[in-house]
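One-letter residues, chain by chain:
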Amino acid sequence: MSAKNRETANVGAGNWKGLGMWAWILFRVAGVVLVFYLFAHIGVISSARLGGHHTMNTIFKTFDKTLFVLLDLLLVWAVLFHGLNGVRIVLMDLGIGITRHKAMFWACMAVAVVCFAFFAYSALNFIADKGGAWL
Amino acid sequence: MRTDVLDQSRGGMWAWLLQRITAVLLIVGFASHLISTHIMAIGELSYDNIAHRLASGFFVAMDVMLLAAVLYHALNGARMVILDYWLSAKAQRRALSLALWLVGVAAFIYGLWALWPWIKG
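Residues numbered from 1 in each chain as written. Chains lettered and ligands numbered in written order. Predicted model: local features only at pLDDT ≥ 70, side-chain atom pairs only at ≥ 80, totals over all residues. Heavy atoms only, no water.

Engineer: Teacher, can you tell me more about the interface of chain B and chain A here?
Structural biologist: The accessible area lost on association of the parts is a frequent measure of interface size. Counting from both sides, the interface comprises 40 residues of chain B and, opposite them, 35 residues of chain A. Carbon and sulfur atoms make up 70% of the area that chain B and chain A hide from each other, which totals about 3,200 Å². Taken as a group, His38, Tyr47 and Trp113 of chain B account for 16% of the area that chain B buries against chain A, more than any other trio of residues on that side. Our enumeration of links across chain B and chain A arrives at 2 salt bridges. A salt bridge links Asp93 of chain A to Arg20 of chain B; its shortest N-O distance comes to 2.7 Å. At the junction of chain B and chain A, the tally comes to 10 residue pairs in polar contact (both at pLDDT 80 or more). Elements supplying a minimum of two residues to the side of chain B that touches chain A: α1 (2-9), α2 (13-39), α3 (47-54), α4 (57-85) and α5 (90-120) of chain B. By residue class, the composition of the side of chain B that touches chain A is 28 nonpolar, 7 polar and 5 charged. (Contact = heavy atoms within 4.5 Å. Buried area = accessible area lost by both parts, 1.4 Å probe. Salt bridge = Lys/Arg side-chain N within 4 Å of Asp/Glu carboxyl O. Polar contact = N/O pair within 3.5 Å; in protein donor to acceptor, adjacent residues only side chain to side chain. Helix = DSSP H or I, 4+ residues; strand = E, 2+ residues; numbered from the N terminus. Nonpolar A, V, L, I, M, F, W, Y, C, P; charged D, E, K, R; others polar.)

This is how it looks when you write it as structure tokens:
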């Protein structure tokens, strides 16, 4: 591979248009969201040590409100999209499926959607059963 | 060398490899983490619920592994995003890596401190 090809080979998933571009953009957006969530998550889990059991349980009660359950579902989608697109990237790096980018992408997304369905069923069931207030 | 410069702009070989290794650990770890919290314990999340889970050595090992792996993966990912747009000088890149390592180690220690009452049991 020439130096010029090397330079552009792995930037923006190769093609700055179409499906590959969107996969790259959404992967990155989800990744950045998850970095912020990680630190928020560490903060919430440390509430038990900072404020005691009751403080933590009060925060968790808020997370049972409908709005938070739906936000949580959005978070699950961010994890699944980032994770399954990441599986595709790892497979590409191993040389698996490098001639069939689009098929690989949609296969990974199909797995993500099936997994998401389980979480969505669980979350929507919870809202229907015990949900009440939005906030 | 041109190749060295290009490899640096991609974050280096070891960071690339560790990003892949932590990715695989996170796929497996998050499957366990999300199923046990979002499906098995939905609506039951509480201090005692976590205590119940962390009474098992499996979940303690899983949570500590996830904490370390996710911090590395997240901060290295943030580094890759930053390097795509900013910081071209070598000294700046080094400073960024050092800063992110400090944040990561501090967050890992803080996370362990937060989990300690459950781990101790």
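More follows now that the structure is in view.
Engineer: Would you mind showing me how to read the nonpolar core here?
Structural biologist: Buried together is how nonpolar side chains tend to be arranged in soluble globular proteins. Of all hydrophobic cores here, the largest spans 23 residues; its most connected members are Leu80, Leu84 and Phe119 of chain A. When contributions to this core are tallied by element, the ones reaching two or more residues are α2 (18-45), α5 (66-93) and α6 (101-130) of chain A. If near-sequence neighbours (up to four positions away) are discounted, Phe119 of chain A is found in contact with Leu73, Val76 and Leu80 of chain A together with Leu34, Ile35, His38 and Ile39 of chain B. (Core = buried A, V, L, I, M, F, W, Y, C linked by side-chain atoms within 4.5 Å. Buried < 20%, exposed > 50% of the residue type's maximum accessible area, 1.4 Å probe, protein only.)

Engineer: Where do I start with the confidence of the model for chain A in this structure?
Structural biologist: Regions with low pLDDT should not have their predicted coordinates read in detail. For chain A, per-residue confidence averages 87 on the pLDDT scale, and residues scoring 70 or more make up 87% of the total. Throughout residues 1-13 of chain A the model reports pLDDT below 50, and contacts reaching past four residues in sequence, or to other chains, amount to 15 contacts. (pLDDT = per-residue confidence, 0-100.)

Engineer: Looking at this structure, I do not really get the side chain of His38 of chain B. What am I missing?
Structural biologist: Turning to its location among the elements, His38 of chain B is positioned in helix α2. Judged by its relative accessible area of 18%, His38 of chain B is buried. Residue contacts for His38 of chain B: discarding those within four places in its chain leaves Asp72, Val76, Phe119 and Ser122 of chain A.

Engineer: Explain the pattern of salt bridges to me, please; I cannot follow it from the model alone.
Structural biologist: Opposite charge on two side chains allows them to pair when their charged atoms are near. Applying the stated rule across the entire model yields 2 salt bridges over all chains. We note a salt bridge from Arg28 of chain A to Asp84 of chain B, for which the minimum N-O separation is 2.8 Å. Remark: Asp84 of chain B occurs in helix α4 and Arg28 of chain A occurs in helix α2; the pair is interchain, linking two chains. Judged by relative accessible area, which is 16%, Arg28 of chain A ranks as buried. Taking relative accessible area as the criterion, Asp84 of chain B reaches 41% and is therefore assigned partly exposed.

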